[in-house]
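# What the coordinates show
Spelled out, the chains give:
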Amino acid sequence: MKRSSFFITTTLFIAVLAMSSCSGRPKSVPTAFTDVTDSAMIFPDYRDVTIPPNIAPMNIKVSDDGATEFVVEIGSLVAGATADGKTDIDSTAWRQLLEQNKGKDIAVHVYAHRPAGWVRFLPYTLHVAEEPIDGFLSYRLIEPGYELYRQLGLYQRNLSNFDEAVIYENNRSFSDKDNHCVNCHNFQNYSTDRMLFHVRAAHGGTVIIEGNEAHKIAIKHDSIIAAGVYPSWHPTQALVAFSTNSTGQVFHMFHKEKIEVLDMASDLLLYDVEKNSVRHILRSSDALETFPCWAPDGSRLYYCSARCNEARADSLILRTVAKYDSLLYDIYSIPFDAATRTFGEPRLEVDASASGHSTSVPRISPDGKYLLYTQGDYGQFHIWHHSADLWVKRLANSDSYPLTAANSAEAESFHSWSSNGRWIAFASRRLDAAYSRVFIAYFDRDGRAHKAFLLPQRDPDFNTMLLKSFNVPELTKDAVKISTEKLNHIVYDTEAELASYEE
Amino acid sequence: MKQVPFINSHYRTFAYALLFALAWTWASWWMGDIYRITYENSYLAADSTLMHFLWQQSFGSLWIAGRALLLLYRWPLLGGLAVALLLTAATWLVGYCLRLRPRWRWLSLLPAGAWMAWVAWTGLNLYYESEPGRTLGILLLGVLVCAIDAFIIWTFKSRSANHKHHSGAPATVGTWVSTVATLVVCFGVPVAITHVRHPYARPLTHMQVQMLNEDWEGMSQTARDHASLSYRPLAAYYAIALVHTGRLADDLFDIRLDFDSLHVVNYSGEPDVGSNYYIIDCNYAAGLFRSAEHKAVERMTMEGPSLATLKHLTRLALLDHNWPLARKYLSILGRAPFEGAFIERYSAMLDSPERVAADPEFALLRQTEPVMDNFESYFEQPVFLGYNCVLMAGRSATALQHSLLANLYSKRMPAFLERCQALMGSTPQKTIAEGLVTQVKKNPAIVQAFPQLQMTAQMYTGFLRNVATEMKDRPRYARQLFDSYKGYYPYYYFFGNLKATRKSDKKEHASSNAGVN
């Protein structure tokens, strides 16, 4: 009897605890309130942004000293928040709201319950675009730790809700035998039918994925600087353009930037997936070529290149590091004949060095009209440079300009177009200059980017609490098909097949 | 009927009380500072995003439970109380489960003793490049397993009339002898392990606790109290204390700087020199804020967030006037219990460069912040003061003094003399004067540049005369001479830090004593 009483008491205690933790949130708009002339303090800043009609609920956190309750009225939808100020918007109601308001503005009113009563802040709007964004966003999550790594992985987020799937994660605990890094995930033409990523250190190689199958290859040859680095799948062929880079990083002692990531040498490679062979596209000792990117029709390859007049020598590293801020990259393109698989002569596309600037990560819009790139003061690893901003060039008339509304005072880089060309997703360190986060901006038919918004999360505090950076956000139309278990098997249990080198 | 002595009839009460008292003493006094610093190297919050790094690991939930218990070590007496209760409970449960006859009751003490011995053997690896919740997590698991076992036995016992036990039998003298002997072994072995294998662990962590309390005088006194111990982390934290007390030039060579090996292992379980133990604190204290941040982020990458790392990153973000980043780290610290005082102090500096500038610690450390940019990899070893070995421009006299002392410490005499030019015409401080006289034979011009060195030079001559014999076999006599010459730079120059000197001699400075550490 005594024992059964103990269990009953314990169960009841736990139940009471569980119930008490489910405190109620206001469910209706206050009937009496005072209008104030301030804007509500909200995070993330979703004021007056253009959003896709298929985006996940855009939860916010409202801050107001002394307020005990909040109500956020988004069109016909009412979301309440207790003293923590965080909304948890009903996803079904949110989807209906966006569907009903495609191409329209939704007014958002924020109410706070202060000791003197309810107040209503100045409203803002969410403009719902007609065009959806691709359904999935892939990224790497990694600490902005500079040399070491432990647990990291590639993940895929369903943009219409908060589901995040693991594509691949490395070893979760430190292990000399298994430690490896993964990077540079890349997809062919917004589809996950063909994709790849690199594995560095233990179990190294490049994992090539075709549908539900995968294998690991190694690019290694005396005439190749290093393994393949920045990839770009040809839009239709089983070909991948890689840069091959000898990369190092150095740490500032007293500078506005923290880190410089530098290439001592780099070339461009073409990898044939079916033949498992590789050859040089560009190989030069007086230029550093990197960041290849195919045009949507596959007829040209865009890339960045910096003049490097120093002859390769033992002291090249020291000379390159010493001149880190004078390395300026321009964007070139080179024609490609898919039938003969031959390249033509390079053409200068963006002459940033002429104005004392440097470019990186060229990406062509799906309609082939715009070249989106990052421009900074120098170098090519712009995600560590405050000066890095997104720029576009209209390929029709060579007009280049910054995407001012989408940019910030901090670094923006590693951008990706949506398959309909109306959205760009990119990494930005604008929240705190340290941790990169994914921002999404509408790109209108006039070639202007709108104010960017932070990738929505169920908990608005997620971005504050997350001690990892989002790397290389890539939009795709579909989810990755291959299972994590299969990729684990490929990485851990198979040897990389060495790609043959073609002269 | 023979009367059973009270102490025998209440054997269990007395034995457990004795065990509890000893365990509390060991866990709070002997191990208190060590676990207090383990607590600083841990982090626990009720937030799935923040704890993901730990939760997803094998045994992650166990380590989280261990970290939860570790929270009590915010106050070592309380943490020690919890550990003592668990050790006592474990012993009782083992005794209950095994139903030992009186003569074998001492066996129930062995699991607790084994755990304590393991903790002692682990030393600084309780937290250094390893999971801080591990030892307490395993203790909790052990107690839980015993409790479940006891519960099953209890349930079984109530349904079985045949269950027989001996726990109520009175003890004998023999029982007491075996119990006390076991207690002596169980507590003596861990204490001896700590004392012999990790003699640096208690003074080092005590200094770190004093550092948390900003008791800089206390820190340097602790180091001097253990001056004959020679381990890099002790020297590093001693130097930090001297930076804060402004006595670097007076007291730097008051402790042995020969650097015996630590018994620590790295993430891979390989023996390690332990430089990562102090590198963040040292870089920070040397005004090398970017390098401190670099190393702090690296540590967070490898170990997940810890209170120590987050506090460093908060201060560094404030020094960088990066308010959003400081706010982020303060928010994360705010999710951990008991850090209100730190949050209150540093939250007040948000958005206020004036308050950052007015903070006494920040103001002190800013004095040695570099004035020119360079890349970290261009700076030289040793990691702490050595960064300033190559300092050719500073923002204060303190920066010059640190550079001079770094070169004296590293025995880079040409670089030391080069920087001494800035002191010409003034009376150099004692240690710097002692460094200068060691170079007079090679550079007679020093005497003209610093005519005040006459007395110091005479002392130096006397020193050379006194140690002429020992000079022929310096490694042999170094330790013996330390007590007589501690704090005297020429002693350090010839007899100090010889292991590192020999190693670097072969590499790059065959004709000098340069390149220590």
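The structure displayed is predicted, hence computed values, not measured ones. (Residues numbered from 1 in each chain as written. Chains lettered and ligands numbered in written order. Predicted model: local features only at pLDDT ≥ 70, side-chain atom pairs only at ≥ 80, totals over all residues. Heavy atoms only, no water.)

### Focus: the overall build of chain B
Keep this limit in mind: Numbering goes from the N terminus for both helices and strands, where a helix is a DSSP run of H or I of at least four residues and a strand is a run of E of at least two. Any residue under 20% of the maximum accessible area for its type is buried, any over 50% is exposed, and the rest in between are partly exposed; the area is computed with a 1.4 Å probe on protein chains only. Throughout, a residue-residue contact means that at least one pair of heavy atoms, one from each residue, lies within 4.5 Å. All accessible areas in this document rest on Shrake-Rupley with a 1.4 Å probe, and a residue is counted as covered only by the protein chains that are shown.
When its secondary structure is counted, chain B shows 28 helices and 0 strands. Overall, the C-alpha framework of chain B stretches about 100 × 60 × 35 Å when taken along its three principal axes. The buried share among the 517 residues of chain B stands at 57%. Restricting the contact set of chain B to residue pairs at least 6 apart, pairs at least 24 apart contribute 69%. If you sum the accessible surface of chain B, you get close to 22200 Å²; carbon and sulfur atoms cover 61% of it.

### What to know about the sheet that holds strand β15 (residues 205-210) of chain A
Residues and elements named next belong to chain A. Heads up, the condition is: Only when DSSP finds a minimum of two bridges between them are two strands counted as paired.
A sheet is described by the order of its strands in space; here 5 strands give the open sequence β13-β14-β15-β16-β35, paired in mixed fashion. Across the chains shown, the open sheet's two edge strands, defined by having one partner strand only, are β13 (180-188) and β35 (497-498). Examined bridge by bridge, β15 and strand β16 (residues 213-218) share 5 bridges and lie antiparallel to one another. Along β16, the bridge assignment pairs Thr-206 with Ile-217.

### Considerations on the sheet that holds strand β36 (residues 500-501) of chain A
Residue and element names in this part refer to chain A. Overall, mixed pairing links the 5 strands, which are arranged β17-β18-β19-β20-β36 in an open sheet. A single partner strand is all that each edge strand has here, and the edge strands are β17 (228-233) and β36. The pairing of strand β20 (residues 277-282) with β36 spans 2 bridges and is parallel. By the bridge assignment, Ser-277 is partnered in β36 with Ser-500.

### Some remarks on the pattern of salt bridges
For clarity, the threshold we go by: We count a salt bridge whenever a side-chain nitrogen from Lys or Arg sits within 4 Å of a carboxyl oxygen from Asp or Glu.
Counted according to the given criterion, the structure contains 42 salt bridges over all chains. In this structure, Lys486(A) and Glu213(A) form a salt bridge, with 3.4 Å as the shortest nitrogen-oxygen distance. Of this pair, Lys486(A) sits in helix α5 (residues 484-493) while Glu213(A) sits in strand β16, and the two are 273 residues apart along the sequence. Between Arg247(B) and Asp251(B) there is a salt bridge whose closest N-O contact spans 2.7 Å. Look at Asp251(B) and you get buried, because its relative accessible area is 7%.

### Section: the domain arrangement of chain B
As a measure of interface size, the accessible area lost when the parts come together is often cited. For the record, the criterion: An automatic or database domain assignment provides the domain bounds reported here.
Split by domain assignment, chain B resolves into domain 1 (6-198), domain 2 (202-366) and domain 3 (406-507). Domain 1 of chain B and domain 3 of chain B are separated by 52 Å when their C-alpha centres are compared.

### Here's the deal with the pairing of strand β19 (residues 259-272) of chain A
Residues and elements named next belong to chain A. Most of β19 is tucked away, with 14 of its 14 residues classed as buried. Pairing geometry for strand β18 (residues 239-251) and β19, over 13 bridges, is antiparallel. Note on β19: the bridge partner recorded for Ser-243 is Leu-268. Summarising the sheet, β19 and β20 pair through 5 bridges and their orientation is antiparallel. Bridged to Tyr-271 within β20 is Val-278. Between β19 and the antiparallel strand that follows it, β20, lie 4 residues; Asn-276 among them carries a positive phi value of about 50°.

### Details of a nonpolar patch on the surface
Just so we agree on the cut-off: Residues enter patches when their relative accessible area tops 30% and they take part in no salt bridge; the joining distance is 9 Å for like charges and 5 Å for the nonpolar side chains Val, Leu, Ile, Met, Phe, Trp and Tyr.
On the surface, Leu141(B), Leu144(B), Val145(B), Ile148(B), Phe151(B), Ile152(B) and Trp154(B) cluster together to form a nonpolar patch covering roughly 630 Å² of accessible area. In this structure Leu144(B) comes out as partly exposed when scored by relative accessible area, which is 49%.

### Describing the environment of Ala241(B)
All names here are of chain B. Locating Ala-241 in the fold gives a position in helix α12 (residues 232-245). Using a relative accessible area of 0% as the deciding quantity, one classes Ala-241 as buried. Considering only alpha carbons, one finds Ala-241 and Trp-104, 137 residues apart in sequence, at a separation of 51 Å. Each residue touching Ala-241, except ones within four places of it in the same chain, is listed here: Trp-216, Met-219 and Ser-220.

### Quick notes on the packing of helix α16 (residues 307-319) of chain B against helix α17 (residues 323-334) of chain B
Residues and elements named next belong to chain B. Convention followed: Each axis is a line fitted through C-alpha atoms, and for a helix only the stretch in contact is used; angles between axes span 0 to 180 degrees, taken between their N-to-C directions. Angles below 35 degrees are treated as roughly parallel, those above 145 as roughly antiparallel, those between 65 and 115 as roughly perpendicular, and all remaining angles as oblique. Each crossing is labelled by how the near helix is turned from the far one, with a counterclockwise turn of less than a right angle marking it left-handed and a clockwise turn marking it right-handed. Nonpolar residues are Ala, Val, Leu, Ile, Met, Phe, Trp, Tyr, Cys and Pro. Charged residues are Asp, Glu, Lys and Arg, and all others, Gly as well, are polar.
Interhelical geometry of α16 versus α17 gives an angle of 155° and a closest axis separation of 8 Å. Between α16 and α17, the interaxial angle falls into the category roughly antiparallel. Remark: the crossing between α16 and α17 carries left-handed chirality. In contact with Leu-307, Leu-310, Lys-311, Leu-313, Thr-314, Ala-317 and Leu-318 of α16, α17 contributes Trp-323, Leu-325, Ala-326, Tyr-329, Leu-330, Ile-332 and Leu-333. For the contact of α16 with α17, the per-class residue count stands at 12 nonpolar, 1 polar and 1 charged.

### A closer look at the interface of chain B and chain A
What counts here: A 1.4 Å probe defines the accessible area here, and the buried area is the portion of it lost by two parts on being joined, summed over both. Whenever a nitrogen or oxygen atom comes within 3.5 Å of another N or O atom, the pair is scored as a polar contact, on the condition that within protein one atom can donate a hydrogen and the other can accept it, and that pairs from neighbouring residues in sequence are kept only if both atoms are in side chains.
Taken together, the contacts link 46 residues of chain B with 44 residues of chain A. When chain B packs against chain A, the two sides together hide about 3900 Å² of surface, and 59% of this comes from carbon and sulfur. Where chain B meets chain A, there are 2 salt bridges. Between Lys258(A) and Glu293(B) there is a salt bridge, and its shortest N-O distance comes to 2.7 Å. Connecting chain B to chain A are 18 residue pairs in polar contact (both at pLDDT 80 or more).

### A look at the domain arrangement of chain A
Residues and elements named next belong to chain A. Taken domain by domain, chain A consists of domain 1 (34-128) and domain 2 (136-498). Just the C-alpha atoms count here: the centres of domain 1 and domain 2 sit 35 Å apart. Every contact between the two is made by 22 residues of domain 1 and, on the other side, 23 residues of domain 2. Regarding the contact of domain 1 and domain 2, the summed buried area is about 1700 Å², with carbon and sulfur atoms giving 62% of it. Where domain 1 packs against domain 2, one counts 4 salt bridges. For the pair domain 1 and domain 2, the interface holds 9 residue pairs in polar contact (both at pLDDT 80 or more). Taken together, the residues of the side of domain 1 that touches domain 2 break down into 11 nonpolar, 4 polar and 7 charged.

### Examining the packing of helix α10 (residues 201-212) of chain B against helix α11 (residues 216-225) of chain B
A pair of packed helices can be characterised by two numbers: the angle between their axes and the separation between those axes. Residue and element names in this part refer to chain B. Running from amino to carboxyl end, α10 crosses α11 at an angle of 170°, the nearest separation of the two axes being 8 Å. In terms of their interaxial angle, α10 and α11 are classed as roughly antiparallel. Of the residues in α11, those in contact with Pro-203, His-206, Met-207, Gln-210 and Met-211 of α10 are Trp-216, Gly-218, Met-219, Thr-222 and Ala-223. In terms of residue class, the contact of α10 with α11 is made up of 6 nonpolar, 4 polar and no charged.

### Digging into the packing of aromatic side chains
Geometry of an aromatic ring pair is reported as the spacing of the ring centres plus the angle between the planes. Here is the rule we go by: By convention, a stacked pair of Phe, Tyr or Trp rings (six-membered ring in the case of Trp) has centres within 6.5 Å and planes under 30 degrees apart, an edge-to-face pair has planes over 60 apart, and any other such pair is tilted. A ring is considered to have a charge above it if a Lys NZ or an Arg CZ atom is located within 6 Å of its centre and within 35 degrees of its normal.
Tallied over the full model, the rule gives 48 aromatic pairs over all chains. Residues Phe426(A) and Phe439(A) carry aromatic rings whose centres are separated by 6.4 Å and whose planes lie at 25° to one another, so their mutual orientation is stacked. Placement of the pair is Phe426(A) in strand β31 (residues 423-428) and Phe439(A) in strand β32 (residues 437-442), with a sequence separation of 13 residues. Here Phe426(A) falls in the buried class, since its relative accessible area comes to 0%. For Phe439(A), a relative accessible area of 5% gives the class buried. Taken together, the ring pairs in this structure connect Phe253(B), Tyr409(B), Tyr489(B), Tyr492(B), Tyr493(B) and Phe494(B) into an aromatic cluster. Against the face of Tyr401(A) rests Arg448(A), its NZ or CZ located 4.5 Å from the ring centre. Taking the ring centre of Tyr96(B) as reference, the NZ or CZ of Arg99(B) above it sits at 4.3 Å.

### Focus on α12(B)
Note: α-helices contain 3.6 residues per turn, so residues at a spacing of three or four share the same orientation. All names here are of chain B. For clarity, the cut-off: Multiply 1.5 Å by the residue count of a helix minus one, and that product is the helix's expected span.
Its 14 residues give α12 an end-to-end C-alpha distance of 20 Å, which sits within 8% of 20 Å, the value for a rise of 1.5 Å per residue. Summarising burial for α12: 13 of the 14 residues are buried, a large majority. Within two residues after α12, Gly-246 carries a phi angle of roughly 70°, on the positive side.

### Regarding unusual backbone geometry
In the segment running from Phe43(A) into Pro44(A), the intervening peptide bond is cis, with an omega of -5°. Looking at the element boundaries, Pro44(A) is found in the loop between β2 (41-43) and β3 (49-51). Residues other than glycine seldom take positive phi values, yet Asp48(A) does so here, at roughly 55°. Overall, the relative accessible area of 46% leaves Asp48(A) in the partly exposed class. Phi is positive for Arg99(B), close to 45°, though the residue is something other than glycine. Structurally, Arg99(B) is set in the loop between α6 (76-98) and α7 (110-122).

### Concerning the pairing of strand β29 (residues 399-402) of chain A
The side chains of a regular strand alternate, residue by residue, between the two faces of the sheet. Residue and element names in this part refer to chain A. The sheet contact formed by strand β28 (residues 389-394) and β29 spans 4 bridges and is antiparallel. For Val-392, the partnering residue across the bridge sits in β29 and is Tyr-401. Between β28 and β29, which pair antiparallel one after the other, the connecting turn spans 4 residues, and Ser-398 there sits at a positive phi close to 65°.

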